[in-house]
Amino acid sequence: MQRRNILTSAAAGTAGALAAPAVATAQTTFNWRMTSFYGPQAAFYSTGPGSAKDLIDRIQKMSNNRIRIQFFGAGELIPAGEGFDAVSSGIVEMNYANAYFWTGKTFAAQYFTAVPFGLNYQGLNGWMYDGGGLDLWREVYDRFNLVPFLCGNTGVQMTGWFRKPIETVEDFRGLKMRIPGLAGRVYQRLGVDVRLLPGGEIFPALERGVIDAAEFVGPYLDRQLGLQRVAKHYYTTGWHETATASELIINKAAWARLPADLKAIVENAVAACNVISEAWCQKNNAEAMEDLVKNQGVDARQLPDAVVARLRTETETVLAEAVARDATTRRVHDSYMAYKQKFDAWSTYSEVPYHTKIRPA
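How each quantity is defined
Residues numbered from 1 in each chain as written. Predicted model: local features only at pLDDT ≥ 70, side-chain atom pairs only at ≥ 80, totals over all residues. Heavy atoms only, no water. Helix = DSSP H or I, 4+ residues; strand = E, 2+ residues; numbered from the N terminus. Contact = heavy atoms within 4.5 Å. Areas by Shrake-Rupley, 256 points an atom, 1.4 Å probe, with all protein chains shown as cover. Lys, Arg positive; Asp, Glu negative; His and termini not counted. Charge placed at Lys NZ, Arg CZ, Asp CG, Glu CD. Pairing = 2+ DSSP bridges. Axes fitted to C-alpha atoms, helices over the stretch in contact; angles between N-to-C directions. Buried < 20%, exposed > 50% of the residue type's maximum accessible area, 1.4 Å probe, protein only. Arc of directions from axis to C-beta. Salt bridge = Lys/Arg side-chain N within 4 Å of Asp/Glu carboxyl O.

(A) Just the overall build of the protein chain, in detail. Across its full length, the protein chain holds 13 helices and eleven strands. Taken along its principal axes, the extent of the C-alpha atoms in the protein chain is 100 × 45 × 40 Å. Counting contacts in the protein chain only where the partners sit at least 6 residues apart, residues at least 24 apart contribute 76% of the total. About 16,700 Å² of surface is accessible on the protein chain, with carbon and sulfur atoms providing 52% of the total. Across the protein chain, the centroid of the 38 positively charged side chains sits 5 Å from that of the 36 negatively charged ones.

(B) Local environment of the sheet that holds strand E3 (residues 94-97). Spatially, E2-E1-E3-E10-E4 is the arrangement adopted by the five strands of the open sheet, whose pairing is mixed. Each edge of the open sheet is held by one strand with a lone partner, namely strand E2 (67-72) and strand E4 (146-153). Averaged over all pairs of adjacent strands, the angle between their axes in this sheet comes to 25°, without regard to strand direction. Here E4 runs beside strand E10 (residues 245-251); their pairing, made up of seven bridges, is antiparallel. Looking at the pairing, Phe149 lines up with Leu248 of E10. Relative to the sheet, helix H4 (residues 121-130) contacts E4 and E10, its axis offset from that of E4 by approximately 155°. Across the sheet, helix H5 (residues 133-142) lies against E4 and E10, angled at about 135° from E4, the strand it touches most.

(C) Expanded view of the environment of Phe149. Assignment of secondary structure puts Phe149 in strand E4. Among the residues examined, Phe149 registers a relative accessible area of 2% and is labelled buried. Residues Phe149 and Leu134, spaced 15 residues apart in sequence, show a C-alpha to C-alpha distance of 7.7 Å. Not counting the four nearest positions on each side in its chain, Phe149 is found in contact with Trp137, Arg138, Ser246, Glu247, Leu248, Ile250, Trp255, Glu267 and Val270.

(D) Spotlight on unusual backbone geometry. The backbone phi angle of Phe44 is positive, close to 75°, even though this residue is not glycine. Following the sequence through the fold, Phe44 ends up in the loop between strand E1 (30-36) and helix H2 (52-62). With a phi angle near 65°, Asn145 is a residue other than glycine that sits in the positive phi range. You can see Asn145 is positioned in the loop between H5 and E4.

(E) Region of interest: H5. Every buried residue of H5 is accounted for by Gly133, Leu134, Leu136, Trp137, Val140 and Tyr141. Relative to the axis of H5, the buried residues are bounded by an arc of 160° and lie together on one face. Here the buried face of H5 lies against helix H3 (83-89), H4, E4, E10 and helix H12 (327-347).

(F) Structural view of the pattern of salt bridges. Overall, the coordinates contain 18 salt bridges when judged by the stated rule. Across the salt bridge formed by Asp212 and Lys176, the nearest N and O atoms sit 3.5 Å from each other. With Asp212 in the loop between helix H7 (202-208) and strand E8 (213-214) and Lys176 in strand E6 (residues 176-178), this pair connects stretches of sequence that are 36 residues apart. Residues participating in the shared-partner salt-bridge network are Arg189, Arg310, Glu314 and Glu321.

(G) Layout of the environment of His233. For His233, the location among the structural elements is in strand E9 (residues 233-235). On a C-alpha basis, the gap between His233 and Glu82 in space is 34 Å, while along the polypeptide they are 151 residues apart. Setting aside chain neighbours within four positions, we find His233 in contact with Gly160, Trp161, Phe162, Arg163, Lys164, Pro165 and Asp299.

As structure tokens, this is what we get:
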């Protein structure tokens, strides 16, 4: 009986030893680095609900620190615009930015941030999560050794700040404007001298007259830059970025090394930040716009209808040219626009009555 107990104990010990490597593997700690296009203290993007640092905190807590992530704002480890290449080559594991900064790599990236006259926040989420958008995004980025994620949204952005009013399309000719992305190409067709400036350089450039107009994000973040002190004409149409998505990219090989439970944690954390960040913008933009108009003398208005119509025409031309040049862009474009057509039709029954019948009362 005693011998039997010894053998049983020995067998149990052997089984435990054999199982130990599997347990150890499951508890492996991953020490990653995340770079960003934005500065280390940038509101919404780097700090606050739904930001990059909030995302890191959620991943670390949900994983019980099995994934540990060190954050580097723009310029702290690499320049702002080098995050795509740094993650692609494996120098760092993650980068936080917006996909449209990488249109030089692939024009199709534009569709995963914002398309002028495109989908709103609800529609973009629908296309991404259930309309094939996220699958296309990952297919487009696969050749760059990247796995992309939707991780935030500002909602609709403002057209921007102008030192002089815009009354006709001719008022754009010769205008020097800070504006990124596809909208910059559209404005160029109207004679705008497009400038690409990081957020911290917009105010001094506008103040000194280096630029005549600037677009950044929305009332809360624009007010933080002090743009209302140097330009009082604030156009709110938001034609160029009807919903502006934030992007997290992860190195493909690093992602493959994560066990399934940690992958699920990352996927749920980015989805949470996508919702939470947009909610943060809605609350703060509402309060900031009220302050700008009531207390700071800002003239907030929509662009004239004729100007908007011309911007739409030029946008369609730019998109048509891009689609004609690249088969990948065409596939993404066709998917996006097919979804938008159905979403717009549904909106005539859902959102349009709200805005035209319910909300005004």
